[in-house]
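These are the residues of each chain, in order.
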Amino acid sequence: MDLGAVGYVRSGLAANLWTASNGGVGSFDYNDGDEVEVRIGRAVAEATDRSAHSRELAEAITDWPSLYHLSGKRGNLLAPLLSGVTGTVLEVGSGMGALSRVLGEAGVEVVSLEGSPRRARIGAERCVDLPNVQVVNDVAHNFTGAAFDTVLVVGVLEYSRLYVSSKEEDPVLAMLRHLCALLAPGGQLVVAIENQLGLKYFAGSREDHLGRRMLGIEDLYSADGVVTFGREELSGYFERVGLSHQDWYYPFPDYKLPACVVADAAWSPDNHFNPVPLIAPTAYLDPNGPSAPLFDTERAWNVIYRNRLGRDVANSFLVRASAEPLSNSNVLAWHFGLGDRRADLRKRTTFVPTGDGIEVRRDLEGQRGASRRAAWAELAPEPESYVPGSPWTDALAAIVGRGGWTVEQVDQWMTRWFSAVCAEVGIEVSAARRDTVISGRLLDALPRNLIVTEGGSQFVDLEWRSVEPLTVGHLVVRALIHDLVSSPPVARPAEESALKLTNLIPRLAVWRMMELDGSAVEDAWVRELEFQRAVTGSVGELSDGLDVVNGSLRLRLDCDELVARAEAFPDLQETIGSLRHALWDQEGEAADSATRFEAALAQRDGLVDDLNRKITGLRHERDVLGSALAEAGREHGIRVGILEQQELALRSRAERVKGRMLRLDSKVNDLKAELRAARRSLAMERRANQEMESSRSWRLARTIHRLAHPFRR
């Protein structure tokens with residue numbers, strides 16, 4: 001696309017960075033903090049691999065902003081869209097280039113629009129090796145004169161009231177109308193945004209933008225601030241600007257770092273597909289989720305699905321909208337796994353309806369269908385038929401989710417899983433021993449992969465297989481660690497001691513049957529950690545996770561218990577009343593103090609304003625210096641080599657000069673001695689001459705005197 005034809009010029013800071021020819025967007029105050037953004041920018045600048053799944057950039061993640069801007073999971077959001085994206089794409093609010101990079105690597109021609117000069121510069125550097133990605137430093141309402149096949153708006157529409165000035169209509173509508181004006185005929189607008197009525201907000205998550213619980217649910221948004229919408233309201237906005245054809249998707253835990261994306265059709269009972277087993281575990285992957293949820297969202301999703309409310313309480317929306325009919329994918333869901341894997345082991349699972357049911361397809365990103373090794377196991381994903389039912393871990397959640405659960409109930413749950421394993425192997429439960437070798441294909445035969453159906457149960461998703469002998473004892477340890485120890489927070493048990501794993505696990509029948517002890521568990525767990533480390537590509541010490549079975553199950557706070565504790569203080573209101581009256585008595589004194597404080601604050605505010613102006617100027621100077629330092633850094637490597645050679649040569653010359661100086665010093669000392677001797681000789685000659693002159697003068701004077709007075713005696 002010719003950006004010069006629509007009023008932009010290359011900035012000079014990067015070949016793919018453009019600014020407005022009239023001087024640029026100027027001030028744009030949206031950022032994650034100067035220190036944070038400078039740190040992220042430095043990580044991008046110093047990385048040799050800036051790809052979407054760069055391990056270098058992943059290692060630079062230290063907090064939420066760096067996770068959001070650098071994580072390879074950001075690209076999962078676009079999985080349902082990439083096959084249908086053709087022509088040119090305008091990405092509005094591209095940030096530091098995470099999604100621009102994904103689109104660019106997919107071969108899409110992208111214009112990334114970003115209002116923040118610093119973010120635009122970082123995004124351009126992230127995509128500098130992709131000639132099909134151009135970054136424009138400008139805001140959406142300034143960008144005109146071009147038409148795109150797709151306009152992508154991720155996490156931007158909710159800021160319309162804050163950044164779009166429109167006295168004639170709702171700023172959200174004004175923003176949508178402007179974006180529609182940038183669409184080519186038949187083009188699509190793609191929007192990702194939080195759901196105002198997302199389930200996580202009911203469970204106690206803070207509103208993503210304003211940080212207050214229940215703010216969105218109570219609709220306490222201001223007229224000139226951030227705003228989000230429920231499904232019906234958002235759909236109505238699209239219809240009001242002429243985008244009546246809509247294709248809806250639901251990313252989980254939300255659109256920022258999706259572990260799975262569910263299509264609209266997945267919620268229809270006609271498709272005989274239950275997305276809950278994919279959705280429910282993702283709640284605990286949300287970095288911004290509540291530390292103490294008001295209820296167990298994993299259990300709530302089953303009720304929501306049965307009542308067909310999934311579309312309305314999904315945490316986020318991903319919507320394709322167009323004035324023309326859209327061609328929809330027939331995929332029901334995309335699943336990307338719950339953890340991070342190294343690049344050659346990343347997997348995408350899709351659920352695709354076929355004439356005979358639903359096929360589960362697992363594809364390795366990169367070389368499709370190839371087996372991959374990780375330590376003593378290999379990944380060999382194969383397609384399989386979808387098995388309707390619920391994972392056996394749902395039964396565990398039902399047990400430990402109710403107050404008063406017992407060790408015996410957990411033991412029965414674990415025993416049924418173990419019986420299913422023995423049936424799969426073809427041995428009697430009583431014949432199983434710790435060192436009994438079983439097929440390596442059962443490495444993933446964990447409770448989470450045991451699907452309970454109306455007719456029985458079946459193991460699914462056995463994607464990993466051990467290439468070394470696999471023992472029953474190792475499989476039991478895997479099940480204990482991955483599905484019991486790592487379970488979500490639990491309700492209070494009948495015996496408080498059951499929360500301690502060293503009390504709970506040894507009481508399980510399968511533990512005693514396997515004759516497991518501390519050393520056996522440690523050996524199995526070290527082997528398991530070696531495998532996990534190979535899968536993720538991490539380099540941590542194996543001993544880091546050895547004490548995992550010495551911890552405790554996490555206790556979930558019970559709302560009724562919290563309320564009961566609050567109600568246990570009957571005199572609390574009376575005490576509060578007394579304190580209130582005491583405060584009223586002090587209001588007069590406080591008012592006088594407030595007057596004095598106001599005067600001091602006014603003076604302080606003046607000083608603060610002056611400091612803010614100075615800080616703004618210093619920040620501008622810092623940005624200029626930062627650009628200069630970045631440019632200087634590129635030349636630094638070459639100059640260092642030259643300077644090192646010059647340093648060696650100078651040191652050699654310095655040694656030679658030092659020798660010459662020593663010889664010269666010796667000559668100078670000799671000359672000084674000769675000069676002192678010459679001076680002494682000259683002084684003696686001068687005294688002798690003076691004496692001679694004095695003698696001559698005396699004799700001459702005497703002679704003259706005699707001649708002048710010949711008769712004087």
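Below or above, wherever it landed, is the structure these notes cover.

Parameters and conventions
- Here the residue numbering is sequential within each chain, running from 1 through the sequence in written order.
- Reporting of local features is limited, given that this is a predicted model, to residues whose pLDDT is at least 70; pairs of side-chain atoms are given and counted only at 80 or more, and all residues count toward the totals for whole chains, interfaces and linings.
- Hydrogens and waters are ignored; side-chain quantities use all the structure's heavy atoms.
- In DSSP terms, a helix is any run of H or I states spanning at least four residues, a strand is any run of E spanning at least two, and both are numbered starting from the N terminus.
- Categorising residues by exposure relies on relative accessible area from a 1.4 Å probe, with only protein chains included: less than 20% of the type maximum marks a residue as buried, more than 50% marks it as exposed, and the intermediate range marks it as partly exposed.
- Here the Shrake-Rupley method, with its probe set to 1.4 Å, supplies the accessible areas, and only the displayed protein chains count as covering residues.
- Put simply, a nonpolar core is a bunch of buried Ala, Val, Leu, Ile, Met, Phe, Trp, Tyr and Cys residues held in one set by side-chain atoms that sit within 4.5 Å of each other.
- Contacts are assigned to residue pairs with any non-hydrogen atoms lying within 4.5 Å of each other.
- Inter-axis angles, ranging from 0 to 180 degrees, are taken between N-to-C directions of lines fitted to C-alpha atoms, where helices are fitted over the stretch in contact.
- Reported orientations rely on four angle classes, namely roughly parallel under 35 degrees, roughly antiparallel over 145, roughly perpendicular from 65 to 115, and oblique for the rest.
- Left-handed describes a crossing in which the near helix is turned anticlockwise from the far one by less than a right angle; the clockwise case is right-handed.
- Within this document, salt bridges are pairs made up of a side-chain nitrogen of Lys or Arg and a carboxyl oxygen of Asp or Glu, the two lying within 4 Å of each other.
- Only the six-membered ring of Trp is used, alongside the rings of Phe and Tyr, when aromatic pairs are assigned; centres must lie within 6.5 Å, and planes under 30 degrees apart are stacked while those over 60 apart are edge-to-face, with the rest tilted.
- Placement of a positive charge over a ring is assigned whenever Lys NZ or Arg CZ falls within 6 Å of the ring centre and within 35 degrees of the normal to the ring plane.
- Polar contact criterion, stated in full: a pair of N or O atoms within 3.5 Å, where within protein one must be able to donate a hydrogen and the other to accept it, and residues adjacent in sequence count only if both atoms are side-chain atoms.
- Strand pairing is assigned whenever DSSP detects at least two bridges linking the two strands.
- Like charges are joined within 9 Å and nonpolar side chains (Val, Leu, Ile, Met, Phe, Trp, Tyr) within 5 Å, but only among residues with over 30% relative accessible area and no salt bridge; these make up the patches.
- Positive charges come from Lys and Arg, negative ones from Asp and Glu, while His and the chain ends are left out of the count.
- To locate a charge, take NZ of a lysine, CZ of an arginine, CG of an aspartate or CD of a glutamate.

### Details of the overall build of the chain
- Looking only at helices and strands, one finds 21 helices and 22 strands in the chain.
- Considering the chain as a whole, with its 713 residues, one finds that 42% of them fall into the buried category.
- As displayed, the chain has an accessible area near 37600 Å², and 52% of this comes from carbon and sulfur atoms.

### Comments concerning the nonpolar core
- With 66 residues, the main nonpolar core has Val151 and Leu189 as its most contacted residues.
- Take this core: its biggest share by element is 7 residues, from helix α7 (residues 171–181).
- Setting aside anything within four residues of it in sequence, one finds leucine 189 in contact with Val151, Val153, Leu176, Leu179, Leu183, Phe238, Leu243, Val319, Arg320 and Ala321.
- By size, the runner-up hydrophobic cluster in this structure holds 60 residues, among which are Leu443, Ala479, Ala498 and Met514.

### Considerations on the packing of helix α14 (residues 407–425) against helix α15 (residues 472–485)
- Two elements in contact, α14 and α15, have axes separated by 12 Å at closest approach and are oriented at 135°. Viewed along their axes, α14 and α15 adopt a mutual orientation that is oblique. As for the relative orientation of α14 and α15, their crossing is right-handed in sense. Side by side, α14 and α15 meet where Val410, Trp413, Met414, Trp417, Phe418 and Val421 of the first sit next to Val472, Leu475, Val476, Ala479, Leu480, Asp483 and Leu484 of the second.

### A closer look at the pattern of salt bridges
- One pass over the full model with this rule turns up 35 salt bridges.
- When the shortest N-O distance is used, the salt bridge between glutamate 194 and lysine 256 registers 2.9 Å. Of this pair, glutamate 194 sits in strand β7 (residues 183–194) while lysine 256 sits in the loop between β8 (245–252) and β9 (260–263), and the two are 62 residues apart along the sequence.
- Using a relative accessible area of 7% as the deciding quantity, one classes lysine 256 as buried.
- In this structure, glutamate 463 and arginine 341 form a salt bridge, with 2.7 Å as the shortest nitrogen-oxygen distance. Taken together, the residues span a long stretch of sequence, with glutamate 463 in the loop between β20 (456–459) and β21 (464–466) and arginine 341 in the loop between β11 (333–335) and β12 (347–354) at a distance of 122 residues.
- Several salt bridges converge on common partners, so that one network encompasses Glu194, Lys200, Asp208, Asp254, Lys256 and Asp286.

### Section: unusual backbone geometry
- In this chain, phenylalanine 252 is followed by proline 253 through a cis amide linkage whose omega measures 5°.
- Within the secondary structure, proline 253 sits in the loop between β8 and β9.
- Here aspartate 219, not a glycine, exhibits a phi torsion of approximately 55°, which is positive.
- Along the polypeptide, aspartate 219 turns up in the loop between α8 (199–202) and α9 (231–240).
- In this structure aspartate 219 comes out as exposed when scored by relative accessible area, which is 52%.
- One non-glycine residue with positive phi stands out, namely alanine 375, at about 55°.
- Looking at the secondary structure, you find alanine 375 in the loop between β14 (372–374) and β15 (377–379).

### Let's talk about the packing of aromatic side chains
- Scanning the model with the defined rule gives 19 aromatic pairs in all.
- Aromatic pair tyrosine 250 and tryptophan 267: ring centres 6.2 Å apart, planes at 85°, arrangement edge-to-face. A residue pair is termed long-range when its members are at least 10 positions apart, and tyrosine 250 in strand β8 and tryptophan 267 in the loop between β9 and α10 (276–279) qualify at 17 residues. Accessibility classification places tyrosine 250 together with tryptophan 267 in one group, the buried group.
- One aromatic cluster is present, formed by Trp248, Tyr250, Phe252, Trp267, Trp301 and Phe317 through successive ring pairs.
- One cation-aromatic arrangement involves lysine 256 over tyrosine 255; the distance from NZ or CZ to the ring centre is 4.7 Å.
- When the ring centre of tryptophan 376 is taken as reference, the NZ or CZ atom of arginine 527 above it lies at 4.0 Å.

### A look at the environment of aspartate 286
- You can see aspartate 286 is positioned in the loop between α10 and α11 (297–306).
- Considering only alpha carbons, one finds aspartate 286 and alanine 259, 27 residues apart in sequence, at a separation of 9.7 Å.
- Leave out the neighbours within four places in its chain, and aspartate 286 touches Lys200, Pro253 and Asp254.
- Within the local environment of aspartate 286, its side chain forms a polar contact with the backbone nitrogen of asparagine 288, the two atoms lying 3.0 Å apart.

### Quick look at the sheet that holds β14
- Strands sit in the order β14-β15-β21 across an open sheet of 3 strands; the sheet is antiparallel. At either end of the open sheet lies a strand with only one pairing partner, and these are β14 and β21. Across the sheet, the mean angle from the axis of one strand to that of its neighbour is 30°, orientation sign disregarded.
- Across 3 bridges, the pairing between β15 and β21 is antiparallel. Residue pairing for β21: glutamate 378 is matched across the bridge by arginine 465.

### A short note on the sheet that holds strand β17 (residues 390–391)
- Spatially, the 3 strands line up as an open sheet ordered β17-β19-β20, and their pairing is antiparallel. Edge positions in the sheet fall to β17 and β20, since each has one partner strand and no second.
- In this sheet, strand β19 (residues 450–453) lies alongside β17 in antiparallel orientation, the contact comprising 2 bridges. Residue pairing in the sheet places proline 391 in a bridge with isoleucine 451 of β19.

### A closer look at a positive patch on the surface
- There is a patch of like positive charges on the surface, built from Arg653, Arg656, Arg660, Arg663 and Lys667.
- Along the chain, arginine 653 falls in helix α21 (residues 587–708).

### Observations concerning the side chain of asparagine 274
- Relative to the helices and strands, asparagine 274 is located in the loop between β9 and α10.
- If we ignore the near neighbours within four places in the chain, the residues touching asparagine 274 are Tyr305 and Tyr386.

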